[in-house]
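# Close look at the chain arrangement
Residues per chain are reported as follows:
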Amino acid sequence: MIVSGIDEDEVVETDPAALVLELARRKARAVAAEVHGDALVVGCDSVLDVDGTVHAKPSSVDEARQRLRALRGQSAVLRTGHCVIDTASGQESTGVASTTVRFGEFSNAELETYLATGEALAVAGAFTLDGRSAPFVDGVDGDPSNVIGLSLPLLRRLLLDLGVSITELWTS
């Protein structure tokens, strides 16, 4: 994995889907510019869309606490922008995956113990399905891999747009 190093704060976009798509493009393009030889570069970025408001990684434990308390018993949409670049041809394929996340009714004590792990500050929306916050999610409507940060069904479709079958990657 190569970290793009882009300044995410440069992107001023209020629409959550447009924001993650632009960030994914910038990340993929930055990495593609550094790659030598033929490669498929995948750039992604996620935010939690809470009634049209962007929730990226929280900047503090207090912010994470407020967000997660407000999400108890509620649903929100995790949006992940994807950009795949074929460096050999220069072609790009992009898309946004959206998955509804249904949060459970977790207690304040559970929340405080979770916040003490530090995980909430490292992930969009202050939660993830592949970490300690997973038990606080009652379910998802849509692609669970999207909530983890890479929609595998969307990746397959984007690769096909570039003339690459995902199965070709299994043998490379």
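Residues numbered from 1 in each chain as written. Predicted model: local features only at pLDDT ≥ 70, side-chain atom pairs only at ≥ 80, totals over all residues. Heavy atoms only, no water.

### Topic: the nonpolar core
Among the nonpolar cores identified, the biggest contains 20 residues, and Leu48, Leu68, Phe103 and Phe127 are the most heavily contacted of them. For this core, the secondary-structure elements that each account for two or more residues are β1 (40-50), α2 (61-71), β3 (75-86), β4 (91-103) and α3 (108-115). Those residues in contact with Phe127, other than ones at most four positions away along the chain, are Leu48, Leu78, Val101, Phe103, Tyr114, Ser133, Val137 and Val147. Ala97, Leu155, Leu159 and Val164 belong to the second largest nonpolar core, which has eight residues in total. (Core = buried A, V, L, I, M, F, W, Y, C linked by side-chain atoms within 4.5 Å. Buried < 20%, exposed > 50% of the residue type's maximum accessible area, 1.4 Å probe, protein only. Helix = DSSP H or I, 4+ residues; strand = E, 2+ residues; numbered from the N terminus. Contact = heavy atoms within 4.5 Å.)

### Notes on the packing of α2 against α3
Running from N to C, α2 and α3 cross one another at 145°; their axes reach a closest spacing of 11 Å. For the pair α2 and α3, the sense of crossing is right-handed. Here α2 contributes Val61, Ala64, Arg65, Leu68 and Arg69 to the contact with α3, which in turn contributes Asn108, Leu111, Glu112, Tyr114 and Leu115. Among the residues making up the contact of α2 with α3, the classes are represented as six nonpolar, one polar and three charged. (Axes fitted to C-alpha atoms, helices over the stretch in contact; angles between N-to-C directions. Left-handed = near helix turned anticlockwise from the far one by under 90°. Nonpolar A, V, L, I, M, F, W, Y, C, P; charged D, E, K, R; others polar.)

### Description of the environment of Arg156
Looking at the secondary structure, you find Arg156 in helix α5 (residues 152-161). Between the alpha carbons of Arg156 and Val47 there is a distance of 21 Å; along the sequence they are 109 residues apart.

### So, the sheet that holds β3
Read across the open sheet, the five strands follow the order β2-β1-β3-β4-β5; overall the sheet is antiparallel. Across the chains shown, the open sheet's two edge strands, defined by having one partner strand only, are β2 (53-55) and β5 (137-141). The sheet shows a mean angle of 35° between the axes of neighbouring strands, taken without regard to direction. As paired strands, β3 and β4 are joined by 12 bridges and run antiparallel to one another. Within β4, the position partnered with Asp86 by the bridge is Gln91. Lying on the sheet, helix α1 (residues 16-34) is in contact with β1, β2, β3 and β4; it crosses β1 at an angle near 155°. (Pairing = 2+ DSSP bridges.)

### Concerning the pattern of salt bridges
Overall, the coordinates contain 12 salt bridges when judged by the stated rule. Arg79 is paired through a salt bridge with Asp49; the nearest N and O atoms lie 2.8 Å apart. On the criterion of sequence distance, the pair formed by Arg79 in strand β3 and Asp49 in strand β1 is long-range, its members being 30 residues apart. Comparing Arg79 with Asp49 shows no difference in burial state: the two are buried. Put simply, Asp141 and Arg102 hold a salt bridge, and the shortest N to O gap is 3.3 Å. Here Arg102 lies in strand β4 and Asp141 lies in strand β5, a separation of 39 residues in the sequence. (Salt bridge = Lys/Arg side-chain N within 4 Å of Asp/Glu carboxyl O.)

From the geometry alone we can't say anything about function, so treat these as descriptive.
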